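Next come the chains, spelled out residue by residue.
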Amino acid sequence: MKVRVDPERCRGHALCFGSLPQIFLWDDENDRAHTDGTTVPAALEADVLTARDGCPEQAIVVEP
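Residues numbered from 1 in each chain as written. Predicted model: local features only at pLDDT ≥ 70, side-chain atom pairs only at ≥ 80, totals over all residues. Heavy atoms only, no water.

**Let's talk about empty space enclosed by the protein**
- Inspection of the entire model under this criterion finds one cavity of 30 Å³ or more.
- Estimated volume of the largest cavity: approximately 50 Å³.
- Taken together, Val3, Gln22, Ile23, Thr35, Asp36, Gly37, Thr38, Thr39 and Val40 form the lining of the largest cavity.
- Partitioned by chemical class, the residues of the lining of the largest cavity number three nonpolar, five polar and one charged. (1 Å grid on protein atoms, 1.4 Å probe; cavity = no way out; pocket = protein on both sides within 12 Å on 5 of 7 lines; lining within 4 Å. Points joined across faces, edges and corners; volume = space filled by probe spheres on them. Nonpolar A, V, L, I, M, F, W, Y, C, P; charged D, E, K, R; others polar.)

What follows is the structure, encoded as structure tokens:
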């Protein structure tokens, strides 16, 4: 699974970054979350889906 943050939708709530800083990175300059594009480790897939579902802006995109 891969995950990315849609920069047009992200409003900087930082819920994803706060819960999974090993997956979601923070851009201090733009006050937005992002990812580095690497594959999500299997052990964190459920946590990524929880972060996606909890994103107020629905900015987290999960791809197989």
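That covers the picture; the talk isn't over yet.
**Structural notes on the packing of aromatic side chains**
- Applying the stated criterion across every chain yields a total of one aromatic pair.
- Geometrically, the ring pair formed by Phe17 and Trp26 is tilted, given 5.9 Å between the ring centres and 40 degrees between the ring planes.
- Classification of Phe17 as partly exposed rests on a relative accessible area of 30%.
- Its relative accessible area of 23% is what places Trp26 among the partly exposed residues. (Phe/Tyr/Trp six-rings, centres within 6.5 Å; stacked < 30°, edge-to-face > 60°. Buried < 20%, exposed > 50% of the residue type's maximum accessible area, 1.4 Å probe, protein only.)

**Observations concerning the side chain of Thr35**
- By the element assignment, Thr35 lies in the loop between strand 3 (32-34) and helix 2 (45-54).
- Among the polar contacts listed, one links the side chain of Thr35 to the backbone oxygen of Val3, at a separation of 3.0 Å.
- With residues up to four places along the chain from it excluded, the contact list for Thr35 reads Val3, Arg4, Val5, Ile23, Phe24 and Leu25. (Helix = DSSP H or I, 4+ residues; strand = E, 2+ residues; numbered from the N terminus. Polar contact = N/O pair within 3.5 Å; in protein donor to acceptor, adjacent residues only side chain to side chain. Contact = heavy atoms within 4.5 Å.)

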